[in-house]
Structures are given as structure tokens and as C-alpha cells.
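Coordinate inspection notes
Each chain, letter by letter, is given below.
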Amino acid sequence: MSTTETKAPAAKPAGTPPDAISLIAKRWKNKRGSLIMALHDVQETFGYVPREVALKLAPQLGVPVARIYEVVTFYNYFKLEAPGRHVISVCMGTACYLKGAPEIKERLMAHFGIKSGETTPDKEWHLQDVRCIGCCGLAPVVTVNSKIIAKVKPADIVTAVTALYTPKEG
Amino acid sequence: MPKLTPKDLDVLRAKSVVIKTTISVGLSSCGIAAGAEAAFAALGEEVKARGLDISVRRVGCAGMCSMEPLVEVAVPGQPTVMYGNVTADDARKIIAEHLVGGKIVKALQVQTVNELAVCAFGDNSKPAPAGGPKQYRIVMRNCGVIDPESFDEYVARDGYQAVKFALTDGSSDAIIEQLRISGLRGRGGAGFPTHMKWDLTRKAVGEERFIICNADEGDPGAYMDRSVLEGDPHAVLEGMILGGFTIGAKLGIFYIRAEYPLAIERVEKAIKQARANGLLGQNILGSTFSFDCEIRLGAGAFVCGEETALIASVEGKRGTPRPRPPFPSVKGLWDQPTMINNVETLANIAQIINRGGAWFAAIGIGKSTGTKVFAVTGKVKYSGLVEIPMGTTLREIVMDIGGGAAEGNVKAVQTGGPSGGMIPANLLDTPVTYEHLQQLGSIMGSGGMIVMDDRDSVVDLARFYLEFCVDESCGKCAPCRIGGTQMQRVLEKIAEGKGDDTDVAALRRIAQAMQKASLCALGQTAPNPVLSAMKYFPKEFESRLKKSTPAAAV
Ligand SMILES: Cc1cc2nc3c(=O)[nH]c(=O)nc-3n(C[C@H](O)[C@H](O)[C@H](O)COP(=O)(O)O)c2cc1C
Ligand code: SF4
Ligand code: FES
């Protein structure tokens, strides 16, 4: 088993300067068909697509709010609610599936008392499935924010994940 | 940076590389996930601390993913040595024992890229004769060899020579003619002849034209395209420029899945470098041809790999397919003629132009020419990327290159992911061609190859794929939406030991309806894994019906 940092975009906490939305709108407004790109920027900035942000962004981009929701609800990648501080993604791609991903997921669900797609009540942990992060040669893989745990045995997963806990600041 | 002229390009290419001791570390997503950055840092620190004149550099993935992190040591005048599973401590040991002490660290040594594969460069124009390496690398020829973030290193390996040819002596006719002779077919799954697609788009009427690189790589468990984009992004970009030139496009779009941040970063960098050097933008290499590229990200929808859904997604909409015709080559992005090609297809183009279509056509068998990259994963001993000449048998790939099952025996191989089928071990002597795989009820697919061992249940894997398709169905048409759910329910019943013969018949019936009436290939091919599992492993299904034997005991 090995644990390493990846370049995966980590969810950043809110509290970003108020003009972040205008900047995103400015960047994409005049590019044809760029709504999805703008939403990627939103999610990278806020960690999800908050309702207030969607409401502010829509007029600035010149699209109806309904269009934003139409898109956000179609694509799995976009989140409508704030995930926990630690986002655990269990790869459920075929290689990982054959190498024990279902058991890994079971153990994590049992440990945190949540289902995949849910967040713990204290908002510390969020558990989700991912479709394959392209590291199938190191299956099974689990990521926690930007850290990746590769070639992990189901029995070791809870220890490996909880070892990556970072205490809240302040 | 000055924009290059064709002559400058040749000067840059010929610029002799300083020959000195070099340590290369595979820093692609898989390498990084395995801890390569720690090894890379330790090597750098150790070299600096000891004041050694050694360059420590980054390369892409050589394909030997099960042995990552990989570190290659090249000392002038000595054979290259490859080390596998290198930790930071191992890295320091390599410096101390090998580079200072002059003794190879045997315990960490693994095969080098050259022992595994012949890479198409210079005189290496053909696969090795029998007894030599089984792999032949055209698409992956630079992966694990050059620094993917270095424009100069790509140029030194004949990079952008094909663009130079196109813009100086070539014409779109000449390119299409070479593609026709080459016999290249799309590597995204369907195997449509590339020259025909390029010719159709070129001739279609429109105000503007687009070329799109399909880097959505939706098959879960496959990562060929990620590796090529991370390991040799300029090769794909060169294919895009050649495509743009041939069809008369001004804009190319890379549609990359958001789950591949490093691939996105490297393509972004390659685009910037190409712009700075005058290979993208106005008047490329001083010619009258102008072309640029941008990146659009996917957002986690498998169906967006389907070309009409992909176009909707690039337009910023929900990714739902629409009926074809009209085909994108006639009416695509913004209703204009649009050419969509897979990453691997594009990575082949420059080599075909440089070496000629006949060279490519001589590799492979029948109507399947050239090579194919596979991501061999699952229960295989050496999982990783493999590029083989078409016509190589599944046995050679799984047993000889992949080392067979890690434990137990190989039971079946799945190609084509959720759209493909399972091929039982007794058919492993089948040569890999579009036609042979189709005859077996599977498909070539984009290159996923999942190895199952005798403890894996085909019923469960079939269920896994079906569930995937049901989750990923866009819901637009009833046969796929309803049929998929129905099949899933019946399969669940069987898996739980509650099914009977009528359920097996029901599966066949629903599958047929889905194949015939679904709007796009997602729904049409979704039953394939189930059908192939029933065809080749009927006993395993029966045993589940009788509720007696455990699945794996067949
Ligand atoms: C559901 C579905 C998913 C697909 N996913 C991909 C993909 O991830 N990558 C890809 O290149 N082609 C994919 N395809 C095939 C493309 O629609 C298209 O045929 C291909 O990109 C054409 O490029 P080629 O001619 O170079 O193969 C998919 C097709 C379907 C129906
Ligand atoms: S076959 Fe499935 S994925 Fe394709 S259009 Fe119909 S519902 Fe959508
Ligand atoms: S299947 Fe898990 S990383 Fe690809």
C-alpha cells in the first residue's frame, strides 16, 4: 500500500473574496458554450455549486438559472451541497471493483456510518464513488482530497483513511 | 520566444543532446500515485548534496504500472538500467551504490523499456522478429522516454516534422491519401476508417469547421488515453494540427475528462508551448495556415464519450445523444462540420505522415493495421499499458506480456468495457483484430482489457457492467432506460439464487430489444457483457439458478 499526494483538485473551503464570481463570469462570458467550464471554476473555488453563487452567476453569464440547474443535475461531477472537509472517493471502476472496491466501500460506510454520497453530521467526512481515476494498474485506489491511497487491502482501509485526518484550524 | 520557421525546426531537431548521465523518473498520475515524487525529490537532493553532474528528469509512464515508481539510470557507454518500486530510501541507495559505487542495485532491477518494446524511432521501423520484444510502440514511442513538458525533446524525436511537411510540400489530398493507404481505423471503439472521416468532414459544406479530440476515456478500468496525454501530449496536438489543416478547421478542442487533472495540465502546457513556437496561432511555421486549440472539460458522464452527446456537452448543455444522421462530419458542433477523433487515433497521424501509409499498413493483419494500446488490468500479474501490433493474440498479451494471473488461473478477459464482452480462457489464441473480437461477441473497444481469475464470478461482473450502463444512461430513450433496469432486476434475481429458466429467456428478449431500438450505442451495446457471459459460461448461470453451487466453482 502507498499513500501519495496527487494533483486532483481539492475542495477549497468557502470564504473566497466576493468578486470570485465576477471573475469567473468575466473569464467565460464571451466564449461560446462555456457554461460547464464556468461551473468547473465555481466548484473549484467553492468546493460545490452553492445556490447563491448560481443565482449571482446566471445573470452575469447571461443564462437563465434554470439552465445552470439543468446542467449541474445532469453531470455527476458537480455537487449541489457542501461536501465534508475530507472527501473520500472510492474508485468503483472495473479494475478496482475486481480487486476489492466493494468491500472497501462497505468498511468505510460502516466506520463512518454514512452511505456513499453522504456527509457525516459533523461535516468532517464525505464519502463518494468515482468512476476510475486512471490509475487502474495500482488498483484498488481510494483518494482523500488530494491524497491517493493505492494498492490498499480492504482490512487496512479505515486506518489508511483516518491517518489522513487533518484537524480543523483555529 | 521567436516563432519558428520550417528551417528553425530542423535546427532545433538536430541540436545535439548533451550526453551525460541521466536519471529519469516516471511522473505520470500512476507513478505519482505510487510515490514517484518522493523518489524524484530524494534523487535530486542526493545528487545535489554529493555535487554530482547528473541530470534528474521527469518522463511519462513507460506502461509498467505495477512496478511504479520507475527510475531509469542511463550512464553514457553503459547499458541502461531500470529500477522498479523505488522508494525515497531506495533512490538514495541507487545514487550511492550505482552512480557513485558503480554497482547495479540488483534487488530493485526490472526490465527496461527497450527490453519490453521496440519504439518506432530512427531505424526502428518494424516490430522485432520472433523472439524479440512482443510490443511495438508507435503511439507510446515517446512515453517514458521524453520529458512530456519539454517542447525541444519532442522536436528532437522528429516532432512537428509532419506539420512541417504538410505546410511546405504537402496538401490535404496527400495526407488523406497516406491515411487511406495506412488503413488506420478509429481507436475510440468503432473502428471507422480515419481517412474517410477526414475526407467527409473536409468536403462537407459549412461556414466553419472543427476538430475535436475525444479524451473522455469513459471505460472504467482503462487509461491508455490518459497516459498518452500525460506522456506525449505534443504527439496528440500534432495530430490535431494535421487534422485541422486537412479539413480546413480554425479551432481544435480537446474534450478531456475532469478526473484527469495532470493530463489537462500537460495538454495546456503543450498548447502554450506550441503557440509560443509558432505551431499554433496565426500563420503556422510562416505559412498561410492558422489554427488554435482549446480545452473543454467533461463532468463525469460516460455518455459524453458518444460523439453527439460530446458535442452537446462542448456546447455547454446536458450531454444527451441525438439521432444520426446527420453525422457530426456534416452537422456537428454549432451545426458545423466537425471531426471527432480519439486520442490514440490522433497520436498515430504524425508517424504515418512521416513514415508513409505503406509502412503502417505493413504492421498488423488484414483490415486491422498498425498497433493498439491496451490497459491490461484486473487479476493479471503485471498490470500496465501494452502496445502490440494488431494480430497479436490475446494469449501473448495476457500470458506472455502480462505474466498471466497473479494468483490462480486466467478465467476470462473482457475487452471493450461496458460495451464489450467476456472472452473465455480457451479462446485466448484469438488474434486481436476488429473482426476477430467482434466474431466472439466482444469488440476492440478503446483498449480496456480486464483479466478475471477463476475466483471471479462472470455473473457478478456482468451485473457490474449493466449497473454501470443503467447509472450512466441519459434516459432519453425507453429501450435503454427501461430495458436496462429490467435486465438489472432479472440479473439480481438470478444472482441471488431466485431465478429460473424463464428469467434467462427474459434476459435474451430484453437484450434484443435494447440492441435494436436504443438510440445510441450506449443502450445498443449495454447487453453485451451479459450476453457474452451467458454464451461462454452457461453453467455458471445455471448454477446460480439452482441456488446450489457458489459461482466460482464452475
Ligand atoms: C457511450 C459511448 C462512450 C464512448 N466513449 C468514448 C471515449 O471515451 N473515447 C473515445 O475516443 N470514444 C468513445 N466513444 C466513441 C466515440 O463516439 C467516437 O466513435 C470516437 O471518439 C471516434 O473517434 P475515432 O474514429 O478516432 O475512434 C464512445 C461511444 C459511446 C457510444
Ligand atoms: S441509448 Fe441510453 S444513453 Fe443512448 S440516448 Fe438512449 S437512453 Fe440515452
Ligand atoms: S478502475 Fe480504479 S483507477 Fe481505474
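Located above this text is the structure these notes cover.
Presented here is a report on the structure given in the accompanying data block. Remember, it's a predicted structure, so these values are computed and weren't measured experimentally. (Residues numbered from 1 in each chain as written. Chains lettered and ligands numbered in written order. Predicted model: local features only at pLDDT ≥ 70, side-chain atom pairs only at ≥ 80, totals over all residues. Heavy atoms only, no water.)

**Focus: the sheet that holds strand β1 (residues 22-26) of chain B**
Residues and elements named next belong to chain B. Operational definition: Strand pairing follows a simple DSSP-based rule, namely that at least 2 bridges must link the two strands. A helix here means a DSSP run of H or I that spans at least four residues, while a strand means a run of E at least two residues long, and both kinds are numbered starting from the N terminus. Any two residues having at least one pair of non-hydrogen atoms within 4.5 Å are treated as being in contact. For helices, the fitted line uses only the C-alpha atoms of the stretch in contact; every axis is such a line through C-alpha atoms, and the angle between N-to-C directions lies from 0 to 180 degrees.
Spatially, β2-β1-β3-β4-β5 is the arrangement adopted by the five strands of the open sheet, whose pairing is mixed. The strands lining the two open edges of the sheet, one partner per strand, are β2 (55-59) and β5 (109-110). Running over the sheet, helix α3 (residues 36-49) touches β1, β2 and β3 (71-74) and is turned about 165 degrees from β2.

**Structural notes on the site of ligand 1**
Residues and elements named next belong to chain B. Convention followed: We call a residue near a given molecule or strand whenever any one of its heavy atoms falls within 4 Å of it. Polar contact criterion, stated in full: a pair of N or O atoms within 3.5 Å, where within protein one must be able to donate a hydrogen and the other to accept it, and residues adjacent in sequence count only if both atoms are side-chain atoms. Any residue outside Ala, Val, Leu, Ile, Met, Phe, Trp, Tyr, Cys, Pro, Asp, Glu, Lys and Arg is labelled polar, Gly included; the first ten of those are nonpolar and the last four are charged.
Taken together, 18 residues are adjacent to ligand 1, and G188, K197, G218, N342 and T345 come closest. G218 is positioned such that a nitrogen or oxygen atom in its backbone is 2.9 Å from an oxygen atom of ligand 1. At 3.2 Å, a backbone N or O of G305 approaches an oxygen atom of ligand 1. Looking at the shell around ligand 1, the elements with two or more residues in it are β11 (338-342) and α21 (521-525). With three residues, the single largest contributor to the shell around ligand 1 is β11. Each residue belonging to the shell around ligand 1 can be placed in one class, and the counts come to four nonpolar, eight polar and six charged.

**Considerations on the packing of helix α7 (residues 161-168) of chain B against helix α14 (residues 343-355) of chain B**
Residue and element names in this part refer to chain B. Note the following rule: By the definition adopted for this analysis, an angle is roughly parallel if under 35 degrees, roughly antiparallel if over 145, roughly perpendicular if from 65 to 115, and oblique otherwise. Handedness of a helix crossing follows the sense of rotation of the near helix relative to the far helix, less than a right angle counterclockwise being left-handed and clockwise being right-handed.
Running from N to C, α7 and α14 cross one another at 60 degrees; their axes reach a closest spacing of 8 Å. Judged by the inter-axis angle, α7 sits oblique to α14. The interaxial crossing formed by α7 with α14 has left-handed handedness. Across the interface between the two elements, Q161, A162 and F165 of α7 pack against A350, I353 and N354 of α14. Residues belonging to the contact of α7 with α14 are distributed by class as follows: four nonpolar, two polar and no charged.

Honestly, that's just the spatial picture; any functional story needs more than this.
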